[in-house]
Amino acid sequence: MSDYNREQSEAIATVEHHLKTQSPSELARLKTRIKTYLRFRKEIDQFSQHHFSQICTRKCYQDDYSACCNREGITTFFADIVINVMMSSDDEIKRLLRVVSIPNHGLKCVYLRKMGCLWRIKPIVCEMFLCEHARNSVFDNEPNARKQWKRLRRREKRYTWPNRPVLFDDLEAYFIRAGYSSNLMYFHNSPGLLRVKSLAMKEENTVP
Ligand code: SF4
């Protein structure tokens, strides 16, 4: 198993195990915590369906171009996995664990199958990725869509950019407090993101 597949597999199994041991009220509390984020994801999904579904289907699926969904090219945050596992059925989780247990000799992401991405709530990096071709084709003709996309990008930061308390950081911290660790906990082990957090903290402390 590649390092990538192993990290994915361990993180999925960890989250699944932990959630299975939680009380219904704790699970309900966690679901409430991610509610606004899920609403945000629905909005992006509607935006993408409306503006990009045609071009992405033609370019990536019919012409086999696919600039996204490349092999091991995506960053999955630990919180992506938490949210996805929380929203997935047991069968969907089993399917994810099965595909990461198989060596990936292809050029595409391990999670990409004939029916599309196997994640129910795919990683935020994937959701926010628009290849240059798709961007130019749509935004050059629809300036309002470009503005809308910029607004969505700004909103994404409220969940993922840790210059303030954000959901993705909180979910990692929750699992760390419960005694787990993972290389995918980038909000606690990526030098770049740690720097963002420490700069934000310094700024806060210098505000009179
Ligand atoms: S996780 Fe899903 S959306 Fe992201 S690269 Fe893989 S198949 Fe594509």
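Residues take numbers from 1 onward in each chain, read along the sequence in its written order. Since the coordinates come from a predicted model, pLDDT governs what is reported: local features require at least 70, and pairs of side-chain atoms require 80 or more to be given and counted, while whole-chain, interface and lining totals use all residues. Water and hydrogen atoms were dropped before computing side-chain values, which therefore reflect all heavy atoms in the structure.

Re the packing of aromatic side chains
Any two rings among Phe, Tyr and Trp, with Trp reduced to its six-membered ring, count as a pair given centres within 6.5 Å; such a pair is stacked if its planes are under 30 degrees apart, edge-to-face if over 60, and tilted if neither. The full count for this structure, using the stated rule, is 15 aromatic pairs. For the ring pair Phe-52 and Phe-139, a centre distance of 5.7 Å and an interplane angle of 90 degrees mean the geometry is edge-to-face. Taken together, the residues span a long stretch of sequence, with Phe-52 in helix H3 (residues 35-62) and Phe-139 in helix H7 (residues 132-139) at a distance of 87 residues. Accessibility classification places Phe-52 together with Phe-139 in one group, the buried group. Note on Phe-78 and Phe-175: the rings are 5.3 Å apart at their centroids and 70 degrees apart in plane angle, and the pair reads as edge-to-face. Here Phe-175 lies in helix H9 (residues 167-177) and Phe-78 lies in helix H4 (residues 78-87), a separation of 97 residues in the sequence. Since its relative accessible area comes to 0%, Phe-78 is described here as buried. What makes Phe-175 buried here is its relative accessible area of 1%. Taken together, the ring pairs in this structure connect Tyr-37, Phe-40, Phe-77, Tyr-159, Phe-168, Tyr-186 and Phe-187 into an aromatic cluster. Its end group placed over the ring of Trp-161, Lys-157 keeps NZ or CZ at 5.5 Å from the ring centre. Helix and strand definitions follow DSSP, with helices as H or I runs of at least four residues and strands as E runs of at least two, each counted in order from the N terminus. Working definition: with a 1.4 Å probe on protein chains only, accessible area under 20% of the residue-type maximum means buried, over 50% means exposed, and in between means partly exposed. Geometrically, a charge over a ring is one whose NZ (Lys) or CZ (Arg) sits within 6 Å of the ring centre while staying within 35 degrees of the ring normal.

Description of the packing of helix H1 (residues 3-20) against helix H5 (residues 90-100)
Each axis is a line fitted through C-alpha atoms, taken for helices only over the stretch in contact, and angles between the N-to-C directions span 0 to 180 degrees. Relative to each other, H1 and H5 sit at 155 degrees, their axes nearing to 9 Å. On the basis of their axis angle, the class for H1 and H5 is roughly antiparallel. The element H1 and its partner H5 pack so that their crossing is left-handed. Every residue of H5 that contacts H1 at Asn-5, Gln-8, Ser-9, Ile-12, Ala-13, Glu-16 and Lys-20 is listed here: Asp-90, Ile-93, Leu-96, Leu-97, Val-99 and Val-100. For the contact of H1 with H5, a count of residues per class yields seven nonpolar, three polar and three charged. The scheme is simple: roughly parallel for angles under 35 degrees, roughly antiparallel for over 145, roughly perpendicular for 65 to 115, oblique for anything else. Two helices that cross are described as forming a left-handed crossing if the nearer one is turned anticlockwise from the farther one by less than a right angle, and a right-handed crossing if clockwise. Contacts are assigned to residue pairs with any non-hydrogen atoms lying within 4.5 Å of each other. Ten residue types, Ala, Val, Leu, Ile, Met, Phe, Trp, Tyr, Cys and Pro, are classed as nonpolar, four, Asp, Glu, Lys and Arg, as charged, and the remainder, Gly among them, as polar.

Observations concerning the nonpolar core
To define a nonpolar core, start from buried Ala, Val, Leu, Ile, Met, Phe, Trp, Tyr and Cys residues and group those joined through side-chain atoms within 4.5 Å. Within the largest apolar cluster, 55 residues are counted, with the highest numbers of intra-cluster contacts made by Ile-83, Tyr-111 and Phe-168. Mapped onto this core, the elements with two or more residues apiece are H1, H3, H4, H5, H7, helix H8 (143-160) and H9. Here Tyr-111 is in contact with Gln-8, Ile-12, Leu-96, Val-99, Val-100, Gly-116, Cys-117, Leu-118 and Trp-119, once residues within four sequence places are set aside.

Some details on H5
Taken together, the buried positions of H5 are Glu-92, Ile-93, Leu-96, Val-99 and Val-100. The arc that holds the buried residues of H5, viewed along the axis, is 130 degrees, so those residues lie on one side. Where H5 is buried, its residues touch H1, H4 and strand E1 (112-113). This arc describes the spread of directions from the helix axis toward the C-beta atoms.

Here's the deal with H4
H4 sits mainly inside the fold: nine of its 10 residues count as buried. Within the span of H4, buried status applies to Phe-78, Ala-79, Asp-80, Ile-81, Val-82, Ile-83, Asn-84, Val-85 and Met-86.

Concerning the layout of surface pockets
Gaps left between atoms are located by rolling a probe of water-molecule size over the structure's atoms. Of the voids in this model, the second largest pocket is the one considered here, and its volume is about 180 Å³. Looking at the second largest pocket, the residues that line it are Glu-16, Leu-19, Lys-20, Leu-27, Lys-31, Val-85, Met-86, Ser-88, Asp-90 and Ile-93. Among the secondary structure elements, those contributing two or more residues to the lining of the second largest pocket are H1, helix H2 (24-33), H4 and H5. It is H1 that provides the largest number of residues to the lining of the second largest pocket, a total of three residues. Of the residues belonging to the lining of the second largest pocket, the class tally is five nonpolar, one polar and four charged. In this analysis a 1.4 Å probe is tested at points of a 1 Å grid over the protein atoms alone, and where it fits but cannot get out there is a cavity; an open set with protein on both sides within 12 Å along at least five of seven lines is a pocket; lining residues have an atom within 4 Å of a point. Grid points are joined across faces, edges and corners, and a volume is the space filled by probe spheres set on the points.

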